[in-house]
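Descriptive analysis of the structure
Chain residues, written in single-letter form:
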Amino acid sequence: MSKAIRDYPELLMPAGDMEKLKTAIRFGADAVYLGTSAFGLRAHAGNFSIAQLREARALTRQAGVALYLTLNASLRPEELICLEELLEELRPLELDAYIIADPGVLLSVQKVDPGRAIHLSTQVNSCNPQAAEFWRRNGVSRLNLARELTLADIRSFAGQTALELECFVHGAMCVAHSGRCLLSTALLGRSANRGDCAQPCRWEYSLLEETRPGQHFAIEEDARGTYLMNSRDLCLVEQLPELIAAGIDSFKVEGRMKSLYYVATTARVYRDAIDRLVRDPRDIDPRWRSELEKVSHRPYDTGFLFGHEDAKIHAADTHYIRTHDFVGFVREDEQGLWVEGRNRFLQGDELELLGPQMRQQTFRAELIRSRDGAVLPAGQPNSQLLLELPSWAEPGDLIRRQRPE
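Just so you know, these numbers come straight off a predicted model, no measurement behind them.

A look at the overall build of the protein
The helix and strand tally for the protein stands at 10 helices and 22 strands. Across the 405 residues that make up the protein, the buried fraction comes to 54%. For the protein, contacts bridging at least 24 residues in sequence account for 67% of all contacts bridging at least 6.

Quick look at the structure:
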């Protein structure tokens, strides 16, 4: 079974809380995905109450942005009643889709809210079009492709399914097949498949010989330590032309627990890339990768896209690469524009203002004042500041600073 390729792929961004939702919308998302405190796979993200979901629904409708709710945890028998109670509360909101992984959740949605679209989570690890056809017959309209698929696999898949196809293009990867990991449960009783992963794959490990208790021996990977299971981050901005041509309908960015700066930066880059590459697949801008290097990340890789032999999933250590700090967020009230401090910066520091449509401009913090006019030597986290901003500054823009070497 085949389908028509969409003319314009969707940019699907994470929204870990209300501020990140607004930022994703402002910086170019076509759709956002978020969760409540139950049944999603990010128990420690900001998450949304029912009242906040109503506000989110109003905001996304006004902006013409789709809103998808994650219900992709693996449920236990006693939780199905709670799920159906939640679905009863969600039904009046008319969300654009639920993201599910558990067939039991699928049946509950069809029972309580049968008009809602259903998207299949990466947790299902959909690897072939026959599996897609099974899910289509059972009411699914979109599936997220397993991250283990190659570009050739994706092309073949897209030519043989009527479902919409979604794939991750950016963010953290998992050492386990499509994220279905039991390590956190085994070590700590915190289930990755229920949204509570402690990320033990990122820890440093050593050997312990039973006759010498207390002596730890390095598994000498390199001078920085031993990280046996730590994965790199995915970055496919330069591979978007191939994925567009392959027939992907939605490009998804991982990161409901990532920062506001991460959401803004990835949204503005992938928005610009999709818009330009749909018109001309050769129009790859080196600024895209350069900008993505300026958010906190592990070493980037293309995952399995070009084959398992090419995949460089393993990262040498667990430390993030951080070249820039997010130092301020532009806000506005009846007195005009002001800056909410997010990280420390000093008078005289060179800063950079970031806005949608890849707008950015370097300026210097010549004068830092409090909102009552007092001159300050530095901007601090959680402070309310006045700065001389570039003339095009608007509420919602971000300010960053390059870290000292």
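Concerning the pairing of strand β16 (residues 350-354)
The buried fraction of β16 amounts to 4 of the 5 residues, a majority that puts the element mostly inside the structure. Relative to strand β17 (residues 360-364), β16 is paired through 5 bridges, and the arrangement is antiparallel. Within the sheet, the bridge partner assigned to Glu350 lies in β17 and is Arg364. Once β16 ends, the chain turns through 5 residues before running back antiparallel as β17, passing Gln357 with a positive phi of about 55 degrees. As defined by bridge partners, β16 adjoins strand β22 (residues 398-402) across 3 bridges and the pair is classed as antiparallel. Its bridge partner lying in β22, Leu354 is registered against Leu398.

Structural notes on the confidence of the model for the protein
Per-chain confidence: the protein averages 89 in pLDDT, with 84% of residues scoring 70 or above. Of the regions scoring below 50 in pLDDT, residues 1-5 engages in 20 contacts with residues more than four places distant in sequence or in other chains.

Side note on the packing of aromatic side chains
Any pair of aromatic rings gets described here by the distance separating the centres and the angle formed by the planes. In total, this model carries 2 aromatic pairs according to the counting rule given. Note on Phe134 and Trp135: the rings are 5.3 Å apart at their centroids and 80 degrees apart in plane angle, and the pair reads as edge-to-face. Residue classification places Phe134 among the partly exposed positions, given a relative accessible area of 47%. Summarising the aromatic geometry, the rings of Tyr261 and Phe326 are spaced 6.0 Å apart at their centres and angled 20 degrees between planes, so their arrangement reads as stacked. With Tyr261 in helix α9 (residues 260-279) and Phe326 in strand β13 (residues 324-333), this residue pair connects regions lying 65 residues apart in the sequence. Between Lys252 and the ring centre of Tyr33, over which it is positioned, the NZ or CZ distance is 4.3 Å. One cation-aromatic arrangement involves Arg342 over Phe329; the distance from NZ or CZ to the ring centre is 5.5 Å.

Brief notes about the sheet that holds β13
Read across the open sheet, the 8 strands follow the order β17-β16-β22-β13-β14-β21-β18-β19; overall the sheet is antiparallel. In this open sheet, the two strands that pair with only one neighbour each are β17 and β19 (375-376). Inspection of the sheet shows β13 paired to β22 by 5 bridges, in the antiparallel sense. Residue pairing in the sheet places Gly328 in a bridge with Ile399 of β22.

Some points on the environment of Leu386
Along the chain, Leu386 turns up in strand β21 (residues 384-386). Considering only alpha carbons, one finds Leu386 and Trp338, 48 residues apart in sequence, at a separation of 5.2 Å. In this view, Leu386 contacts Leu337, Trp338, Leu367, Ile368, Arg369, Ser370 and Arg371; residues no more than four positions away in its chain are not counted.

Focus: α9
For α9, with 20 residues, the first-to-last C-alpha span of 29 Å sits near the 28 Å given by 1.5 Å per residue. Counting buried positions along α9 gives 17 out of 20 residues, so the element sits mostly inside the fold.

Here we look at the packing of helix α1 (residues 18-26) against helix α2 (residues 50-63)
Closest axis-to-axis distance for the α1/α2 pair is 11 Å, and the angle between their directions is 5 degrees. As the angle between them shows, α1 and α2 are arranged roughly parallel. Seen from α1, the contacting residues are Met18, Leu21, Lys22 and Ile25; seen from α2, they are Gln52, Glu55, Ala56, Leu59, Thr60 and Ala63.

Details of empty space enclosed by the protein
On inspection of all chains with the given rule, the structure shows 1 cavity of 30 Å³ or more. Space inside the largest cavity adds up to approximately 140 Å³. Around the largest cavity sit 15 residues that line it, and Ala146, Arg147, Leu149, Phe168 and Leu236 are the ones nearest its centre. Partitioning the lining of the largest cavity into residue classes produces 12 nonpolar, 2 polar and 1 charged.

Concerning the pattern of salt bridges
Inspection of every chain in the model, using the stated rule, returns 36 salt bridges. Between Arg268 and Glu291 there is a salt bridge, with its nearest N and O atoms 3.1 Å apart. Of this pair, Arg268 sits in helix α9 while Glu291 is found in helix α10 (residues 286-292), placing the two residues 23 residues apart along the sequence. Summarising the burial analysis for this pair, Arg268 and Glu291 share the class buried. Between Asp272 and Arg276 there is a salt bridge, and its shortest N-O distance comes to 3.2 Å. One end of the pair, Asp272, and the other, Arg276, are both in helix α9, 4 residues apart, so they sit about a helical turn from each other. Accessibility assignment for this pair places Asp272 and Arg276 in one class, buried.

Conventions used here
Residues numbered from 1 in each chain as written. Predicted model: local features only at pLDDT ≥ 70, side-chain atom pairs only at ≥ 80, totals over all residues. Heavy atoms only, no water. Helix = DSSP H or I, 4+ residues; strand = E, 2+ residues; numbered from the N terminus. Buried < 20%, exposed > 50% of the residue type's maximum accessible area, 1.4 Å probe, protein only. Contact = heavy atoms within 4.5 Å. Pairing = 2+ DSSP bridges. pLDDT = per-residue confidence, 0-100. Phe/Tyr/Trp six-rings, centres within 6.5 Å; stacked < 30°, edge-to-face > 60°. Lys NZ or Arg CZ within 6 Å of the ring centre and 35° of its normal. Expected span 1.5 Å × (residues − 1). Axes fitted to C-alpha atoms, helices over the stretch in contact; angles between N-to-C directions. Parallel < 35°, antiparallel > 145°, perpendicular 65-115°, else oblique. 1 Å grid on protein atoms, 1.4 Å probe; cavity = no way out; pocket = protein on both sides within 12 Å on 5 of 7 lines; lining within 4 Å. Points joined across faces, edges and corners; volume = space filled by probe spheres on them. Nonpolar A, V, L, I, M, F, W, Y, C, P; charged D, E, K, R; others polar. Salt bridge = Lys/Arg side-chain N within 4 Å of Asp/Glu carboxyl O.

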